[in-house]
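Spelled out, the chains give:
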Amino acid sequence: MATPLPPQPPRRVSCGSLLQELQELWGEIGQDEMERDRMILQLEEDCLNVYRKKVDQTRRQKADLLQALSVGEADMDKILSALGERESFPRSEKLGGTLMEQLAKIEPVLRDLRQRRDERVNEFRAVLLQIVRLQSEISGTIDHGDPTAPVVDENDLSLKRLGELRLQLNELQTEKNLRLQKIDIQINCVNEMCSILSLDLKKALYDVHPSYAELGRSKPVSISNSTLERLAGKVHALNHEKKQRLRKLQDLGSTLIELWNLMDTPVDEQRCFDHVTSLIKVSPNTAMPEGCLAHDLIEKVEIEVKRLTHLKASKMKELVFKKMTELEEIYRSVHMDIDSDSERRILNDLIDSGKADLSELLAGMDDRIVEAKEHALSRKDILEKVEKWKSTSEEEIWLDEYERDQNRYNAGRGAHINLKRAEKARVLVSKIPSLLENLTAKIKVWEKEKGIPFMFDKVRLLDNLEEYTSSRQQKEEGKRHSRELKKLQEQFAAEQGAKFGIKPSPIRPLPARKPLGQSSNVNIVVGTPTSRRVSTPMSRKGGLSSGKVKEAAKTTVAPANYVAIPKDCSNNSSL
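Residues numbered from 1 in each chain as written. Predicted model: local features only at pLDDT ≥ 70, side-chain atom pairs only at ≥ 80, totals over all residues. Heavy atoms only, no water.

**Q** For this particular structure, what's the right way to read the overall build of the protein chain?
**A** The helix and strand inventory of the protein chain stands at 16 helices and zero strands. Counting only contacts in the protein chain whose residues sit at least 6 apart along the sequence, the fraction spanning at least 24 positions is 77%. Approximately 37,700 Å² of the protein chain is accessible, and the part contributed by carbon and sulfur atoms is 53%. (Helix = DSSP H or I, 4+ residues; strand = E, 2+ residues; numbered from the N terminus. Contact = heavy atoms within 4.5 Å. Areas by Shrake-Rupley, 256 points an atom, 1.4 Å probe, with all protein chains shown as cover.)

This is how it looks when you write it as structure tokens:
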């Protein structure tokens, strides 16, 4: 098969040949000359328009090339300025050649600079993204979603600026590492304290931040300021709880030892709480075994302490009331009033309430006993004189009744004893005023020294010696009047006997009484006639009153055979 010939290129036709052919055709057609000229002018106009259009197009192309050269050079300058480089490139007017040749020369350079700029922008964006992310992690805003991609300032893409950003990134990374280390340390502390306190570690960490509950660290943990504050707060709270429980357990342990020693608890029972007593002197910062401060353990120790405390309270209560009995005996021995029932009721309520420190209460009772003993010792001398005054007063009552007895001189069993007692009683009675004056003076001195009134519950002392002296004077006046009346009666009887020649006889005596014997003082006081008793009421305040001795000195007609016995005191001992 023959090979086809290649197509022949079209024959080039010029405008002149076409115009000549057109003229020939018009001639054959017989075209009018004027029409021919008009059509030729039209053709020339059309050709000008085509050339003009082409020229305009070419001018625009040139302007575009010039603008492209200008923009390229401006981009080169801008990129070089942004990159912070000082490279210089020849300007287009110095490059030589056509515009397209000049543009062809700067396009590779511009493309290279733009590529370098894009690479630098990517480097900036990567560093800024890491910076923003770390800042978000530290501020805590990352918890609300990933941070927005940062916008790179392409006007400053210098290596200096990139170095500054990388330095900032390193500082943030270091800050993050430090925070992670701090978090690890604090989580270890939380783990240790939860182990000691028997608390749920996962729950404690979840309360700080949910990311901390993932102990495997499969996800990034929160390092924000607020989270670190919560973690530090959790560590502080657990440490505070640890110290409180340790202090409470140490107090309970000390109380246990004190109660064991007080109750003589067997060693076998004490061994059950060795894990408690071993922590008494432990510092809060010392390593402790797991679960040693568990809440259940502390409750168990509290129950044991309550049991022993209740047992101690019952024993201490017995001891306190024993001390109270001793105190009552001391007060009773010196005739002092004490509201035993009220004090016992107060002590009982105080002990049962559990608010009282029984050791201090016992110490207070011991102090009261010592004070009561000192108080009783200071009253001893006064009380001895009170008893002496009391016995003397009883002797005075006995003597009054003895002297009223008409049969006191009858010879009989025990008469001489009564006579001797009467002589001794007269001596004692004569010294009552001085005895009372001395007693009153001592009481006043005692009250001045102690600053309290001298109180006595059985014997009521006389505050006014003048009343007692007046009473004695009335009694003596009564006796003197009786003696004078007796003498008048005897004289009258003698005169009547002499007038009528009758032998005088004694006046008929009063009915005979039972002779006085050596009875006890108590019996004598009980048997004292009402008209001769001495009343000594005490003041309402319980101290020495100004009770007045009121004795009605009744005038009694003496028997005819009454003989007064002289009060000879020379042979009697003084008070």
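From this point, the discussion proceeds with the structure in view.
**Q** I tried to follow the pattern of salt bridges on my own but got confused; where do I start?
**A** When the charged atoms of two side chains with opposite charge come close together, those side chains can pair. Summed over the entire model, instances satisfying the criterion amount to 19 salt bridges. For Glu 302, the salt bridge is made with Lys 248, and the minimal N-O distance between the two is 2.5 Å. With Glu 302 in helix H10 (residues 295-333) and Lys 248 in helix H7 (residues 225-263), this residue pair connects regions lying 54 residues apart in the sequence. The exposure class assigned to Lys 248 is partly exposed, which follows from its relative accessible area of 39%. With its nearest N and O atoms 2.4 Å apart, the salt bridge here joins Glu 484 to Arg 480. Taken as a pair, Glu 484 and Arg 480 lie in helix H15 (residues 465-500) at a separation of four residues, close to a single helical turn. Under the relative-accessibility criterion, Arg 480 is labelled partly exposed at 33%. One connected set of salt bridges, linked through shared partners, spans Arg 133, Glu 137 and Lys 176. (Salt bridge = Lys/Arg side-chain N within 4 Å of Asp/Glu carboxyl O. Buried < 20%, exposed > 50% of the residue type's maximum accessible area, 1.4 Å probe, protein only.)

**Q** Would you mind going over the packing of helix H5 (residues 159-197) against helix H6 (residues 201-208) with me for this structure?
**A** Helix packing geometry: the angle between the two helix axes and the distance between the axes. Direction vectors running N to C along H5 and H6 enclose 140°, while the axes themselves pass 9 Å from each other. Overall, the two elements H5 and H6 adopt an arrangement that is oblique. For the pair H5 and H6, the crossing hand works out as right-handed. On the side of H5, the interface is formed by Ile 187, Val 190, Asn 191 and Cys 194, while H6 contributes Leu 201, Ala 204 and Leu 205. The residue inventory of the contact of H5 with H6, partitioned by class, reads six nonpolar, one polar and no charged. (Axes fitted to C-alpha atoms, helices over the stretch in contact; angles between N-to-C directions. Parallel < 35°, antiparallel > 145°, perpendicular 65-115°, else oblique. Left-handed = near helix turned anticlockwise from the far one by under 90°. Nonpolar A, V, L, I, M, F, W, Y, C, P; charged D, E, K, R; others polar.)

**Q** Even after reading the chapter, I still don't get the packing of aromatic side chains, so can you show me in this structure?
**A** Pairs of aromatic rings are described using the distance from one ring centre to the other and the angle between the two planes. As enumerated under the stated definition, the model contains one aromatic pair in all. Plain terms: the ring middles of Trp 260 and Phe 273 are 6.4 Å apart, the flat faces sit at 45° to each other, and that makes the pair tilted. Taken together, the residues Trp 260 in helix H7 and Phe 273 in the loop between helix H8 (267-271) and helix H9 (274-277) connect sequence positions 13 residues apart. The pair Trp 260 / Phe 273 is uniform in exposure class, with both members buried. (Phe/Tyr/Trp six-rings, centres within 6.5 Å; stacked < 30°, edge-to-face > 60°.)

**Q** Teacher, can you tell me more about the side chain of Thr 265 here?
**A** Mapped onto the secondary structure, Thr 265 falls in the loop between H7 and H8. For Thr 265, a relative accessible area of 12% corresponds to the buried category.

**Q** Is there a simple way to explain helix H1 (residues 15-29) in this structure?
**A** Its 15 residues give H1 an end-to-end C-alpha distance of 21 Å, which sits within 8% of 21 Å, the value for a rise of 1.5 Å per residue. Looking at the residues trailing H1, positive phi occurs at Gly 30, about 90°. (Expected span 1.5 Å × (residues − 1).)

**Q** I would appreciate a short explanation of unusual backbone geometry in the present structure.
**A** Glycine aside, residues mostly have negative phi angles, and peptide bonds mostly take the trans form. Backbone geometry places Ser 198, a non-glycine residue, at a positive phi of 60°. Tracing the sequence through the fold places Ser 198 in the loop between H5 and H6. By relative accessible area, Ser 198 is classed as partly exposed at 45%.

**Q** So what exactly am I meant to see when it comes to the nonpolar core here?
**A** The nonpolar side chains of a soluble globular protein tend to be buried with one another. Core analysis: the biggest nonpolar cluster contains 62 residues, and Val 190, Tyr 212, Leu 293 and Val 301 have the highest contact counts within it. Mapped onto this core, the elements with two or more residues apiece are helix H2 (33-83), helix H4 (99-139), H5, H6, H7 and H10. With twelve residues, H4 is the single largest residue contributor to this core. Not counting the four nearest positions on each side in its chain, Leu 293 is found in contact with Ile 196, Leu 197, Lys 242, Arg 245, Leu 246, Leu 249, Leu 279, Met 288 and Ile 298. Tyr 331, Leu 361, Leu 362 and Ala 372 belong to the second-largest nonpolar core, a separate cluster that totals 17 residues. (Core = buried A, V, L, I, M, F, W, Y, C linked by side-chain atoms within 4.5 Å.)

**Q** How should I be thinking about the environment of Ser 195 in this particular structure?
**A** Mapping Ser 195 onto the fold places it in helix H5. The class for Ser 195 is partly exposed, based on a relative accessible area of 26%. Considered as a pair, Ser 195 and Pro 289 are 94 residues apart in the sequence and their alpha carbons are 8.4 Å apart. With sequence-adjacent residues up to four places away left out, Ser 195 is seen in contact with Glu 290 and Gly 291.

**Q** I keep staring at the state of the cysteines and nothing clicks. Help me out?
**A** When the sulfur atoms of two cysteines share a covalent bond, that bond is a disulfide. Inspection of every chain in the model, using the stated rule, returns zero disulfides. Free cysteine: Cys 15, not disulfide-bonded; nearest cysteine sulfur from Cys 47 at 5.6 Å. Looking at Cys 15, the relative accessible area reads 63%, which means it is exposed. (Disulfide = S-S within 2.5 Å.)

**Q** Looking at this model, I keep getting lost on H5. Mind explaining?
**A** For an α-helix the count is 3.6 residues per turn, leaving residues at separations of three or four pointing the same way. Between its first and last C-alpha atoms H5 spans 56 Å; for 39 residues at 1.5 Å apiece the expected length is 57 Å, and the two agree. Within two residues after H5, Ser 198 carries a phi angle of roughly 60°, on the positive side.

**Q** Help me understand the confidence of the model for the protein chain in this model?
**A** Predicted confidence across the protein chain gives a mean pLDDT of 75, with 73% of residues reaching 70 or more. The lowest-confidence element of the protein chain is helix H16 (residues 521-526), averaging 36 in pLDDT; the highest-confidence one is H5, averaging 92. Note that residues 506-575 has pLDDT below 50 and, in this model, 126 contacts with residues that lie over four places away or in other chains. (pLDDT = per-residue confidence, 0-100.)

**Q** Is there a simple way to explain the environment of Lys 176 in this structure?
**A** Mapped onto the fold, Lys 176 is located in helix H5. Considering only alpha carbons, one finds Lys 176 and Leu 134, 42 residues apart in sequence, at a separation of 7.6 Å. Once residues lying within four places of it in the same chain are set aside, the contact partners of Lys 176 are Leu 134, Glu 137 and Ile 223.

**Q** I would appreciate a short explanation of the packing of H1 against H2 in the present structure.
**A** Axis separation between H1 and H2 bottoms out at 12 Å; the angle between their running directions is 155°. Regarding the angle of H1 to H2, the classification is roughly antiparallel. Classified by chirality, the crossing of H2 by H1 is right-handed. The segment H1 lies against H2, with Leu 19, Leu 22, Gln 23, Trp 26 and Gly 27 engaging Arg 36, Met 39, Ile 40 and Leu 43.

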